[in-house]
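Okay, here's what each chain looks like letter by letter:
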Amino acid sequence: MQSCKHLEKFSFGIGDRFAHQANAQLRAFQMLAAQGVEVAPVWNKSHREHTTIGSQPPSVLAAAKIAVAELEWQGPFHVDADHIRLETVDGFLDTSDFFTLDVADFIAQSASPTAIQAFVESHPELSGNLLIDGIELPFEISRDEVERIAAKYLRAVQAAGALYRHIAAQKGAENFITEVSMDETDSPQTPPELLVILAALADEGIPLQTIAPKFTGRFNKGVDYVGDIAQFEREFNDDLAVIAHAVRVYDLPENLKLSVHSGSDKFSIYAPIRHALARFDAGLHIKTAGTTWLEEIIGLAEAGGEGLALAKEVYAKALEKQEALCAPYASVIDVRGDQLPTKEEVDAWTSEQFVAALRHEPTNPAFNPSLRQLVHVGYKVAAQMGARYLDALDANADIVGRNVTTNLFERHLKPLFLGD
């Protein structure tokens with residue numbers, strides 16, 4: 001297995017769509033470090049987000065470096081080319097040291113019959129009754145089942161290999177971290193499927209340090225996990241056991257860890273994740289998606305005056321363009337039109353009413369998940385405002401930044417790494 005840049009045991013992906021909140025985000029990691037837990041911040045931004053905002057990949061590293069210098073952060077940090085593909089990777093090569101290889105589109109595109117048979121024949125250890133430490137019952141995987149899994153995932157693994165080698169040829173394998181993402185697909189990967197996938201990734205020579213499978217349940221943007229929490233916990237524990245087994249058997253990097261990408265606010269599964277990590281002494285990479293942007297709108301609304309007016313305008317335009325904004329995110333949002341207040345209703349709201357509807361406090365009866373999800377995908381509206389939106393962030397930097405820091409620390413980092 002090739003050498004690679006080292007990823008710390010715990011890392012947390014943070015988006016900053018308008019590149020104004022890096023300091024506020026980093027303060028949350030400082031607060032966590034002050035309580036004895038070191039987590040590496042990973043600023044992530046996808047090609048789609050750059051295209052929507054009109055930004056360029058170097059802006060992410062630039063904002064991160066300024067925050068690190070101004071706050072005198074002594075810990076590691078990374079910049080993630082998020083959900084990257086072969087056709088979009090080149091613009092990220094100079095300024096990213098973390099690459100999330102998104103190969104979900106290749107799942108179920110079958111590799112050649114010859115490649116599938118060669119894989120099955122080279123891995124007889126995958127067939128039969130397989131005992132894995134940490135899993136009570138053995139996996140019973142027939143040769144036909146291994147072949148079925150390979151037929152579904154081998155082409156995606158091959159695509160990951162091609163993308164990894166392209167990056168390595170440009171940057172040098174020792175200069176970046178590799179993550180493989182298979183979470184944005186229709187069906188979850190079972191633990192036995194994950195094992196087969198890891199064996200195939202090892203065959204490709206990819207020194208991946210984190211893998212993002214799709215888990216059971218629904219992970220919508222901006223709101224909590226929806227699903228059977230006990231089932232998720234069993235699956236997550238089994239996946240950790242599978243990764244530990246694959247590291248030993250297939251010479252994968254010792255710090256290979258699970259990544260939880262999907263959704264934004266996975267509040268109800270943070271405790272099960274924390275317990276599982278302690279049980280296996282395992283690492284974790286986890287991402288929030290869009291929560292910083294939502295905290296910007298909350299901060300503007302909380303500021304009142306022109307800030308509140310702008311927040312209401314964002315909602316009104318998002319409501320008007322609901323279909324177009326929601327379409328690209330159809331599989332990861334659940335916006336119910338009958339739960340969305342009208343423009344006129346929102347225009348009459350106070351700051352407190354707007355904030356209560358948007359801020360993710362599930363116990364607050366005024367919280368509106370559909371409104372939150374619509375605003376979540378409505379960042380394109382703010383992008384089209386250009387300088388007017390950015391100037392509003394600057395004019396209300398303190399209150400916006402306080403919301404960003406509080407959200408990240410109190411609702412994410414603290415429950416995940418410190419507990420109640």
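Shown above is the structure to which this text applies.
Attention in this report is confined to the structure presented alongside it. All values reported here derive from a predicted model rather than from experimental measurement. (Residues numbered from 1 in each chain as written. Predicted model: local features only at pLDDT ≥ 70, side-chain atom pairs only at ≥ 80, totals over all residues. Heavy atoms only, no water.)

**So, the side chain of Arg17**
Heads up, the condition is: Numbering of helices and strands starts at the N terminus; helices are DSSP runs of H or I of at least 4 residues and strands are runs of E of at least 2. Classification of residues uses two cut-offs on accessible area relative to the type maximum, computed with a 1.4 Å probe and protein chains only: under 20% is buried, over 50% is exposed, and between them is partly exposed. Any pair of N or O atoms that falls within 3.5 Å is considered a polar contact. Within protein, one atom must be able to donate a hydrogen and the other to accept it, and sequence-neighbouring residues count only if both atoms are side-chain atoms.
Mapped onto the elements of the fold, Arg17 is located in the loop between β1 (10-14) and α1 (22-34). A relative accessible area of 7% places Arg17 in the buried class. A polar side-chain atom of Arg17 sits 3.1 Å from a polar atom in the side chain of Glu49.

**Some remarks on the packing of helix α9 (residues 291-303) against helix α10 (residues 305-320)**
For clarity, the threshold we go by: Angles here are taken between N-to-C directions and fall from 0 to 180 degrees, while the axes themselves are lines fitted to C-alpha atoms, restricted in helices to the stretch in contact. Working definition: roughly parallel below 35 degrees, roughly antiparallel above 145 degrees, roughly perpendicular at 65 to 115 degrees, and oblique for all remaining angles. Rotating anticlockwise by less than a right angle from the far helix to the near helix defines a left-handed crossing, while the corresponding clockwise rotation defines a right-handed one. Contact criterion: two residues are considered in contact whenever any of their non-hydrogen atoms come within 4.5 Å of each other. For this classification, the nonpolar set comprises Ala, Val, Leu, Ile, Met, Phe, Trp, Tyr, Cys and Pro, the charged set comprises Asp, Glu, Lys and Arg, and every other residue, Gly included, is treated as polar.
One can describe the packing of α9 onto α10 by two numbers: an axis separation of 5 Å at closest approach and a directional angle of 135°. Taken together, the axis directions place α9 and α10 in an arrangement best described as oblique. The handedness of the crossing between α9 and α10 comes out as left-handed. In this structure, α9 uses Trp293, Ile297, Leu300, Ala301 and Ala303 to contact α10, whose residues at the interface are Gly305, Gly307, Leu308, Leu310, Ala311 and Val314. Split by residue class, the contact of α9 with α10 holds nine nonpolar, two polar and no charged.

**Digging into the packing of aromatic side chains**
Centre distance and the angle of the planes are the two values used to describe a pair of aromatic rings. Formally: Between 30 and 60 degrees the pair is tilted, below 30 it is stacked and above 60 it is edge-to-face, where a pair is any two Phe, Tyr or Trp rings, Trp via its six-membered ring, whose centres lie within 6.5 Å. Whether a charge sits over a ring depends on NZ of Lys or CZ of Arg being within 6 Å of the ring centre and within 35 degrees of the ring normal.
Per the counting criterion, the structure on display carries 17 aromatic pairs. A ring pair is formed by Phe215 and Phe219, whose centres lie 6.5 Å apart and whose planes are at 45°; its orientation type is tilted. The same class applies to Phe215 as to Phe219, namely buried. Through a chain of ring-to-ring contacts, the aromatic side chains of Phe215, Phe219, Tyr225, Phe232 and Phe236 assemble into a single cluster. A cation sits over an aromatic face here: Arg17 above Tyr379, 4.1 Å from the ring centre.

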